[in-house]
Amino acid sequence: MQDLIFKEPYRFVPPIRGWRGRFWTAVCRRVLPIFLKREYGIVDRDFRHIDRLLASMDAGHGVLLLANHSRLADPLTLGDLTNATGGRLFYAMASFHLFRQNAFQGYFLPRIGAFSILREGVDNASLKFSIEALAIADRPLIIFPEGTVSRATDRLRPFLDGPATIGRMAARRRAKGDGGKVVMHPLTIRYEFLDDVVAAVTPRIEAIEKRLSIRTRPDLSLIERAARLGRGLLALKEVEYLGEARSGDAFERASRLSEELITPLEEKYETETGPGDDIVVRVKAVRTALAPMLLGAENDVETADRLDRELQQVYLSQQLVFYPRDYLAADSPPEHLLETVERFEEDLTDRLDVYGRFRVIVHVGEAIEIGHERPPKGQSDPLLVETAARINAAQSELAAEIAARRPGRETVADLPLV
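Presented here is an overview of the structure given in this document.

Conventions we followed
Sequence order as written defines the numbering, with residues in each chain counted from 1. This being a predicted model, a pLDDT of at least 70 is required before a residue's local features are given, and a value of 80 or more before pairs of side-chain atoms are given or counted; all residues contribute to the totals for chains, interfaces and linings. Here the side-chain values reflect all heavy atoms present in the structure, with hydrogen atoms and water set aside. Cavities and pockets were defined on a 1 Å grid built over protein atoms only: a cavity is a set of grid points that admits a 1.4 Å probe from which the probe cannot escape, a pocket is an open set flanked by protein on both sides within 12 Å along at least five of seven lines, and lining residues are those with an atom within 4 Å of any such point. Grid points are joined across faces, edges and corners, and a volume is the space filled by probe spheres set on the points. Numbering of helices and strands runs from the N terminus; a helix is a DSSP stretch of H or I covering at least four residues, while a strand is a stretch of E covering at least two. For this classification, the nonpolar set comprises Ala, Val, Leu, Ile, Met, Phe, Trp, Tyr, Cys and Pro, the charged set comprises Asp, Glu, Lys and Arg, and every other residue, Gly included, is treated as polar. When the centres of two rings from Phe, Tyr and Trp lie within 6.5 Å, Trp using its six-membered ring, the rings pair. Their planes under 30 degrees apart give stacked, over 60 give edge-to-face, and anything left gives tilted. Think of it in three bands: with a 1.4 Å probe and only protein chains considered, a residue is buried below 20% of the maximum accessible area for its type, exposed above 50%, and partly exposed in between. Only the contacting stretch of a helix is used when fitting its axis, a line to C-alpha atoms as for every element, and angles between N-to-C directions run 0 to 180 degrees. Oblique is the label for any angle not covered by the other classes, which are roughly parallel (under 35 degrees), roughly antiparallel (over 145) and roughly perpendicular (65 to 115). Crossings are assigned a handedness: left-handed for a near helix turned anticlockwise from the far helix by less than a right angle, right-handed for a clockwise turn. By definition, residues are in contact when any of their heavy atoms lie within 4.5 Å. By this definition, two strands are paired if DSSP reports at least two bridges between them. Nonpolar cores were defined as sets of buried Ala, Val, Leu, Ile, Met, Phe, Trp, Tyr and Cys residues, with membership established by side-chain atoms within 4.5 Å.

## Some words on the layout of surface pockets
For the second largest pocket, the calculated volume is near 1,100 Å³. The wall of the second largest pocket is formed by 42 residues, among which A254, Q319, L320, Y323 and F344 lie closest to the centre. Counting only elements with at least two residues in the lining of the second largest pocket, the list comes to α9 (222-242), α10 (250-268), α12 (301-320) and α13 (334-349). A total of 11 residues in the lining of the second largest pocket trace back to one element, the largest contributor, which is α9. Residues that form the lining of the second largest pocket fall into these classes: 25 nonpolar, 6 polar and 11 charged.

In structure tokens form, the structure reads like this:
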């Protein structure tokens, strides 16, 4: 389970501005490419249509950047926008636990423009800062509207409503002030694996097979071997939580287990969420109920252990539905196989190594002016719908471009047996 820090009271961590912020950003501009290569295998960064972003900034608009979030490297990848824009500064909203994971991260994040958001409740300080930054057009603000890492480079999860609300409130404030605009640019992040996918994933598959006592079958395709691993991992969790493994379609079983894990916690803590809501929203509601209890259980080992188990349970309920049925198929790009095996390894071992070298492409979409009016109640937010549509379109274009660079190995079906 990801290291999510609840066991200390939340306090808003603002970004460091002024000369210190500029100084540390200048330092990080030189260090960041080295860090991205060492920690995430990113050796090439390709920022496209930066002129669109610069035009909005030069026009004095408040700029909101909404990006898809498929890998843990995304925030630091977008931190390199400072290099791509010739030294312009940015703000980025980041979960509070990231500031508490280690001293290095906690020290540098505020100095390069990051500020905290409490994911387990309402964070008025963070919302106020976000709206102010856009209203005064101080720096562009980066938000990941999916609310969590999807681990699927070509699949966009539903957006949370918060970013659109922030944009509209800032637009209203600007309209009452200097009359300036607030605009939104969709950012599409697409990773391209540069090394041999077969050589990268085969040892990982064999290691997981060995750990699960599954006989290695080199005569099977990598898709078939990955599917066997998925069924094995699912069966383990069914035994852990239900007492026995079920039979039938693996995706239906995973969806059913997810419901059986989260629904009792929703009922226990009387959240206002349920099966009709997206899993990220449901998990957030339960975590919001658990957070204050964890703070009060420091001296009660039994209660703390129970709450930790419930956190693991609700986290697993989310991970189970983050394996889309059609994401890994014969016509999928090789990155989908890589991501699936990475997800297996992370869910099993709670860590993830670098599999090889990546190129990351960041596509800046055309500006969308943010209006003042809220969408009608019960209807999809047109701003978020348009943003998602543009990111999806750019994802498809970039996937096709990358496939064209790999003649003979465009899809998983083209990969040879080991």
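## Some thoughts on the packing of aromatic side chains
What characterises a pair of aromatic rings is the spacing of the ring centres plus the angle enclosed by the ring planes. Scanning all chains against the criterion turns up 13 aromatic pairs. Each ring, one from W24 and one from F108, has its centre 5.2 Å from the other, and the planes form 90°; the classification is edge-to-face. Of this pair, W24 sits in helix α1 (residues 18-40) while F108 sits in helix α5 (residues 103-111), and the two are 84 residues apart along the sequence. Classification of W24 as buried rests on a relative accessible area of 19%. Ring geometry for Y91 versus F129: centroids 5.1 Å apart, planes at 80°, classification edge-to-face. Remark: F129 occurs in helix α6 (residues 124-135) and Y91 occurs in strand β3 (residues 91-95); sequence separation between them is 38 residues. What makes Y91 buried here is its relative accessible area of 0%. Look at F129 and you get buried, because its relative accessible area is 8%.

## Side note on the packing of α10 against α12
One can describe the packing of α10 onto α12 by two numbers: an axis separation of 8 Å at closest approach and a directional angle of 140°. If you check the angle between α10 and α12, you find them oblique. Judged by the twist between their axes, the crossing of α10 over α12 is left-handed. Across the interface between the two elements, A254, L257, S258, L261, I262, L265 and K268 from α10 touch R306, E310, Q313, V314, L316, S317 and L320 from α12. A per-class count over the contact of α10 with α12 returns 8 nonpolar, 3 polar and 3 charged.

## Focus on the packing of α9 against α12
For the pair α9 and α12, interaxial distance at closest approach is 13 Å and the crossing angle is 150°. With respect to the hand of their crossing, α9 and α12 are arranged in left-handed fashion. Contacts between α9 and α12 pair L234, K237 and Y241 from the former with Q312, Q313, L316 and L320 from the latter. The residue inventory of the contact of α9 with α12, partitioned by class, reads 4 nonpolar, 2 polar and 1 charged.

## What to know about the pairing of strand β6 (residues 182-193)
Counting buried residues in β6 gives 12 out of 12 residues, a clear majority hidden from the surface. In this sheet, β6 lies alongside strand β2 (residues 62-67) in parallel orientation, the contact comprising 6 bridges. Opposite L65, over in β6, you have H185 as the bridge partner. Two elements, β6 and strand β8 (residues 368-369), share 2 bridges in a ladder whose sense is antiparallel. Its bridge partner being in β8, M184 is matched across the sheet by I368. Relative to strand β7 (residues 358-364), β6 runs antiparallel, the two being bridged by 7 bridges. From the neighbouring strand, T188 faces β7, where its bridge partner is H363.

## Here we look at the nonpolar core
Membership of the largest hydrophobic core comes to 45 residues, with the highest contact counts inside it found for L53, L65, L78, L81, V201 and L337. No other element matches the 6 residues that helix α8 (residues 197-211) contributes to this core. Sequence-distant contacts of L65, defined by excluding residues within four places in its chain, comprise L53, L81, F90, P140, L141, I142, I143, H185 and L187. Of all hydrophobic cores here, the second largest spans 26 residues; its members include L66, F159, A164 and A388.

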